Amino acid sequence: MKSNRALLALLGLLAMTVVTYGHHSFAATYDEAKTIEIKGKVVVFSFRNPHSLITVEVTDAKGKKVRWGVEGPGSTQLANSGVQNDTLRYGDELVITGNPGRNPAEPKLRLRTMKRPDGFTYGLTDEQRKATDE
């Protein structure tokens, strides 16, 4: 009887491990070979797990306002980097670099870096990322 319970507990732990490691690929949604920059104002900052979301209103070349969805890391990773739920507020100006979505009709990015005019920055540039990989 005890061995059945132990086996059942072990199987339960293994099942939880499989679920924990299961995650979608960013490459399926975002073009990781490209990096673009957008400039705009924060409309919404959702500090959440598994991924944060920043909605940024950008004025395009024709003067039309377009809302971009920017997907970033979860709240835990952001918090470990010094970003809190009140770091970005409605109306904050941001310059964001990231990988664009694979569908050009959808204005969305995977967050790489962001900065505000007051000096706040988040993320590593490609050059900094390469230097840390070496």
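The numbers attached to residues start from 1 for each chain and follow its sequence in the written order. Confidence filtering applies because this is a predicted model: local features only for residues at pLDDT of at least 70, side-chain atom pairs given and counted only at 80 or more, and all residues used for totals across whole chains, interfaces and linings. By convention in this description, side-chain values take in all heavy atoms of the structure and omit both hydrogens and water.

Points on a 1 Å grid, built from protein atoms alone, make a cavity when a 1.4 Å probe fits but cannot get out and make a pocket when they are open with protein on both sides within 12 Å along at least 5 of 7 lines; residues with an atom within 4 Å of a point are the lining residues. Grid points are joined across faces, edges and corners, and a volume is the space filled by probe spheres set on the points. For the second largest pocket, the calculated volume is near 160 Å³. Pro 100, Gly 101, Asn 103, Pro 104 and Glu 106 are, among the 13 residues lining the second largest pocket, the residues nearest its centre. Each residue gets one of three labels, nonpolar for Ala, Val, Leu, Ile, Met, Phe, Trp, Tyr, Cys and Pro, charged for Asp, Glu, Lys and Arg, and polar for the others, Gly among them. When the residues that make up the lining of the second largest pocket are grouped by side-chain class, the tally is six nonpolar, two polar and five charged.

Turning our eyes to something else, we now look at the side chain of Asp 31. Strands here are runs of E lasting at least two residues and helices are runs of H or I lasting at least four, both read from the DSSP assignment and numbered beginning at the N terminus. Mapped onto the secondary structure, Asp 31 falls in the loop between helix H1 (2-21) and strand E1 (36-46). A distance of 3.1 Å separates a polar side-chain atom of Asp 31 from the backbone nitrogen of Ala 33. Contacts between residues were defined by any pair of non-hydrogen atoms, one from each residue, lying within 4.5 Å. Apart from residues lying up to four places away in sequence, Asp 31 is in contact with Asn 99, Pro 100 and Arg 102. By the criterion applied in these results, polar contacts are pairs of N or O atoms within 3.5 Å in which, for protein atoms, one can donate a hydrogen and the other can accept it, and in which residues neighboring in sequence qualify only through two side-chain atoms.

Now for the nonpolar core. For this analysis, a nonpolar core means a set of buried residues of the types Ala, Val, Leu, Ile, Met, Phe, Trp, Tyr and Cys, connected via side-chain atoms within 4.5 Å. For each residue, the accessible area found with a 1.4 Å probe, counting protein chains only, is set against the maximum for its type, and the residue is called buried under 20%, exposed over 50%, and partly exposed in between. Ranked by internal contacts, the top residues of the largest apolar core, which has 18 residues, are Ile 54, Val 70, Leu 88, Ile 96 and Met 114. At the level of elements, E1, strand E2 (52-59), strand E3 (65-72), strand E4 (93-100) and strand E5 (108-115) are the ones that each hand at least two residues to this core. Residues within four places of Val 70 in sequence aside, it is in contact with Ile 38, Ser 52, Leu 53, Ile 54, Val 56, Ile 96, Leu 109 and Leu 111.

Moving on, we come to the environment of Ile 36. Along the polypeptide, Ile 36 turns up in strand E1. Ile 36 sits 61 residues away from Thr 97 along the chain, and the two C-alpha atoms are 5.5 Å apart. Setting aside chain neighbours within four positions, we find Ile 36 in contact with Trp 68, Ile 96, Thr 97, Gly 98, Pro 100 and Leu 109.

Here a salt bridge means any side-chain nitrogen of Lys or Arg lying within 4 Å of a carboxyl oxygen belonging to Asp or Glu. Taken as a whole and assessed by the stated rule, the structure comprises eight salt bridges. A salt bridge links Arg 116 to Asp 92; the nearest nitrogen and oxygen atoms lie 3.8 Å apart. Residue Arg 116 is located in the loop between E5 and strand E6 (121-122), and its partner Asp 92 is located in the loop between helix H2 (75-80) and E4; the two are separated by 24 residues in the primary sequence. Comparing Arg 116 with Asp 92, the two get one shared label, buried. Between Glu 106 and Lys 108 there is a salt bridge; the shortest N-O distance is 3.8 Å. The exposure class of Glu 106 is partly exposed, given its relative accessible area of 39%. Each of Asp 92, Arg 116 and Asp 118 takes part in salt bridges that share partners, so that together they form one network.

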